[in-house]
Amino acid sequence: IGIDPSRIDALSFDGSKDYCTTKGWTANLVLNEQKAVVDNLQLILNCFRGGLIYSENKFKMRFRDLNYEVETGMTLSEDDILASGNKTSLSFKPKSDLFNRPNTIKMVFFNAAKKYMEDEYIYPDTSAIAIDGDSRERTIEVLGISNLEDVQKLAYYYLERWRWGNVGNMDM
């Protein structure tokens, strides 16, 4: 089952591709015809700070800067403001389930330095492990990334997003 091409915002996909190319990020992937389109798309999305959104009856590709770590920003709404009498305060809660929040991430990738053998990079957040009282590992395949430096950037990025529950239900 295909998607009607008129429902794809080609400019947003081209813009994401051009940005990644300009920044030197590539996805060295072989897309498998035997896999579902969404599975192949997820492999691509895992390789950069991007996401697919549905807006104005079209699928659009969005991305974040790929080469620089930016501080995690939080969105505040009126729901975060608690009023009691003449006092107000803010309430911050992570969106993710406290018992399902990872504090370690394992990245699976093909390492160019090891002749493109499958490799793993594990990034534990030792402070989070100490606070949580146990280690909770989440695995993500970034099979299109082949150098450790880029894998490390993405590991930090995904762990921060998963800690605050902003990735959604991505079961890898």
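Residues numbered from 1 in each chain as written. Predicted model: local features only at pLDDT ≥ 70, side-chain atom pairs only at ≥ 80, totals over all residues. Heavy atoms only, no water.

Undergrad: I'd like to hear about the nonpolar core, residue by residue, with values.
TA: In this structure, Ile105, Met107, Val142, Ile145, Val151, Leu154 and Tyr158 are the most contacted members of the largest nonpolar core, which totals 21 residues. For this core, the elements supplying multiple residues, two or more each, are helix H2 (37–45), strand S5 (104–111) and helix H4 (148–164). Ranked by residue count, the leading element in this core is H4, at seven residues. (Core = buried A, V, L, I, M, F, W, Y, C linked by side-chain atoms within 4.5 Å. Buried < 20%, exposed > 50% of the residue type's maximum accessible area, 1.4 Å probe, protein only. Helix = DSSP H or I, 4+ residues; strand = E, 2+ residues; numbered from the N terminus.)

Undergrad: Quick one: what's the story with the pairing of strand S1 (residues 50–55), residue by residue and with numbers?
TA: As paired strands, S1 and strand S2 (residues 58–63) are joined by six bridges and run antiparallel to one another. Across the sheet, the residue bridging to tyrosine 54 is phenylalanine 59, located in S2. Adjacent in sequence and paired antiparallel, S1 and S2 are bridged by two residues, among which glutamate 56 carries a positive phi angle near 55°. (Pairing = 2+ DSSP bridges.)

Undergrad: Explain the sheet that holds strand S6 (residues 117–124) to me, and be specific about the residues and the numbers.
TA: Pairing in this open sheet of three strands is mixed, and the strands run S6-S5-S7 from one edge to the other. Each edge of the sheet is formed by a strand with only one pairing partner; in this case those strands are S6 and strand S7 (137–141). Between one strand axis and the next, the sheet turns by 25° as a mean value, whatever way the strands run. Two elements, S5 and S6, share eight bridges in a ladder whose sense is antiparallel. Paired with lysine 106 across the strands is isoleucine 122, a residue of S6. (Axes fitted to C-alpha atoms, helices over the stretch in contact; angles between N-to-C directions.)

Undergrad: How would you summarise the pattern of salt bridges if you had to cite specific residues and measurements?
TA: Tallied over the full model, the rule gives eight salt bridges. Notably, a salt bridge pairs lysine 106 with glutamate 137, separated by 3.8 Å at the nearest N-O pair. Note that lysine 106 is positioned in strand S5 and glutamate 137 in strand S7, a separation of 31 residues in sequence. Taken together, the salt bridges that share partners define one network made up of Asp132, Asp134, Arg136 and Arg163. (Salt bridge = Lys/Arg side-chain N within 4 Å of Asp/Glu carboxyl O.)

Undergrad: Hey, could you go over the packing of aromatic side chains for me, with residue numbers and the actual values?
TA: Under the definition given, this model contains four aromatic pairs. Here tyrosine 123 and tyrosine 156 contribute two aromatic rings whose centre-to-centre distance is 6.3 Å and whose plane-to-plane angle is 65°, an arrangement assigned as edge-to-face. Of the two residues, tyrosine 123 sits in strand S6 while tyrosine 156 sits in helix H4, which places them 33 residues apart along the sequence. Tyrosine 156 gets classed as partly exposed once you look at its relative accessible area, which sits at 32%. Between tyrosine 157 and tyrosine 158 the ring centres are 5.2 Å apart and the planes differ by 65°, which places this aromatic pair in the edge-to-face class. Both residues of the pair, tyrosine 157 and tyrosine 158, belong to the buried class. Its end group placed over the ring of tryptophan 162, arginine 138 keeps NZ or CZ at 4.8 Å from the ring centre. (Phe/Tyr/Trp six-rings, centres within 6.5 Å; stacked < 30°, edge-to-face > 60°. Lys NZ or Arg CZ within 6 Å of the ring centre and 35° of its normal.)

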